[in-house]
Amino acid sequence: MPLPPQAAAQLLASTPEDSEALFYEALQRADLDRLMALWSDEDEISCVHPGGPRLVGHGAIRSAFETLFGHGPINAHPERVRKLHSGDMAIHQVLERVQVAGAKGEAQTAWVIASNVYMKTALGWRMVLHHASPGSASDVQELSEGPATLH
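I will try to describe carefully the structure that is included in this document. (Residues numbered from 1 in each chain as written. Predicted model: local features only at pLDDT ≥ 70, side-chain atom pairs only at ≥ 80, totals over all residues. Heavy atoms only, no water.)

1. Observations regarding the overall build of the protein
Turning to step 1, where the next piece is worked out: Each helix and strand counted, the protein has four helices and six strands in total.
Turning to step 2, where the next piece is worked out: Along the protein, helices and strands appear, N-terminal first, in the series α-α-α-β-β-α-β-β-β-β.
Turning to step 3, where the next piece is worked out: The buried share of the protein, taken over its 151 residues, is 34%.
Turning to step 4, where the next piece is worked out: Sequence separation of at least 24 residues holds for 49% of the intrachain contacts in the protein that already meet a minimum separation of 6.
Turning to step 5, where the next piece is worked out: If you sum the accessible surface of the protein, you get close to 9000 Å²; carbon and sulfur atoms cover 54% of it. (Helix = DSSP H or I, 4+ residues; strand = E, 2+ residues; numbered from the N terminus. Buried < 20%, exposed > 50% of the residue type's maximum accessible area, 1.4 Å probe, protein only. Contact = heavy atoms within 4.5 Å. Areas by Shrake-Rupley, 256 points an atom, 1.4 Å probe, with all protein chains shown as cover.)

2. Concerning the packing of aromatic side chains
Turning to step 1, where the next piece is worked out: Scanning the model with the defined rule gives two aromatic pairs in all.
Turning to step 2, where the next piece is worked out: Both rings, one in Phe23 and one in Tyr24, keep their centres 5.2 Å apart while their planes meet at 80 degrees; by these two values the pair is edge-to-face.
Turning to step 3, where the next piece is worked out: Judged by centre distance (5.9 Å) and plane angle (45 degrees), the rings of Phe65 and Phe69 are tilted. Residue Phe65 and its partner Phe69 are both found in helix H4 (residues 58-69); the two are separated by four residues, about one turn of the helix. In this pair, the class of Phe65 matches that of Phe69, namely buried. (Phe/Tyr/Trp six-rings, centres within 6.5 Å; stacked < 30°, edge-to-face > 60°.)

3. Regarding helix H2 (residues 16-29)
Turning to step 1, where the next piece is worked out: The terminal C-alpha atoms of H2 lie 20 Å apart, and with 14 residues this matches the ideal 20 Å at 1.5 Å per residue to within 8%.
Turning to step 2, where the next piece is worked out: All of the buried residues along H2 are Pro16, Ser19, Glu20, Leu22, Phe23, Tyr24, Ala26 and Leu27.
Turning to step 3, where the next piece is worked out: Summarising the contacts, the buried residues of H2 are in contact with helix H3 (32-37), H4, strand S3 (75-86), strand S4 (89-101), strand S5 (107-121) and strand S6 (124-134).
Turning to step 4, where the next piece is worked out: Directly beyond the C-terminal end of H2, a positive phi value near 55 degrees is found at Ala30. (Expected span 1.5 Å × (residues − 1).)

4. A look at unusual backbone geometry
With the exception of glycine, most residues fall at negative phi, and the peptide bonds are largely trans.
Turning to step 1, where the next piece is worked out: If you check the backbone angles, Ala30 has positive phi at about 55 degrees while not being a glycine.
Turning to step 2, where the next piece is worked out: In this fold, Ala30 is placed in the loop between H2 and H3.
Turning to step 3, where the next piece is worked out: For Ala30, a relative accessible area of 25% translates into the label partly exposed.

5. Quick notes on the side chain of His130
Turning to step 1, where the next piece is worked out: If you trace the backbone, His130 turns up in strand S6.
Turning to step 2, where the next piece is worked out: What makes His130 buried here is its relative accessible area of 4%.
Turning to step 3, where the next piece is worked out: Only 2.5 Å separates the side chain of His130 from the side chain of Asn116, close enough to count as a polar contact.
Turning to step 4, where the next piece is worked out: Apart from the residues within four sequence positions on either side, His130 is in contact with Phe23, Trp39, Ser46, Cys47, Val48, Glu96, Ala114, Ser115 and Asn116. (Polar contact = N/O pair within 3.5 Å; in protein donor to acceptor, adjacent residues only side chain to side chain.)

6. Topic: the environment of Ala137
Turning to step 1, where the next piece is worked out: As for its position among the elements, Ala137 is in the segment after S6.
Turning to step 2, where the next piece is worked out: As a C-alpha pair, Ala137 and Arg97 span 40 residues in sequence and 9.4 Å in three-dimensional space.

7. Things to note about the side chain of His92
Turning to step 1, where the next piece is worked out: Following the sequence through the fold, His92 ends up in strand S4.
Turning to step 2, where the next piece is worked out: Within polar-contact distance, the side chain of His92 engages the side chain of Glu20 at 3.0 Å.
Turning to step 3, where the next piece is worked out: Here the side chain of His92 touches His85 through a polar contact of 3.0 Å, side chain to side chain.
Turning to step 4, where the next piece is worked out: Here His92 is in contact with Pro16, Glu17, Glu20, Val81, Arg82, Lys83, His85, Ala114, Ser115, Asn116 and Tyr118, once residues within four sequence places are set aside.

Okay, structure coming up:
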């Protein structure tokens, strides 16, 4: 069920960073309505959860998050974010630290590599893609080429 217009208006994100912060907050609170209010109204929005299929459209994305939230909040925290902004589009490559309960109930850390794509709309910056892949502790040490010097 979508948020009432007044509540959705409170989620206006003036920057992609605002939208991203609200996205992770909604995950941590298992707040499905707030999470879905952050997505663009475009028909072709898509989401890929680690090891899962590509989900296209509001209905499929909502259903998948509803299932995930049935197990409780998702304790995901962006650790490293690389950003590429161009005009009305922003791409954030994120290393997520996710706290999960282990087999004996103890907290364990899992790593996820995600790409979050935001588009500037009349309603602020809205998500159009969340693509997450399983990561590992070694992903914390990212490989990066140093800046090139032009002569």
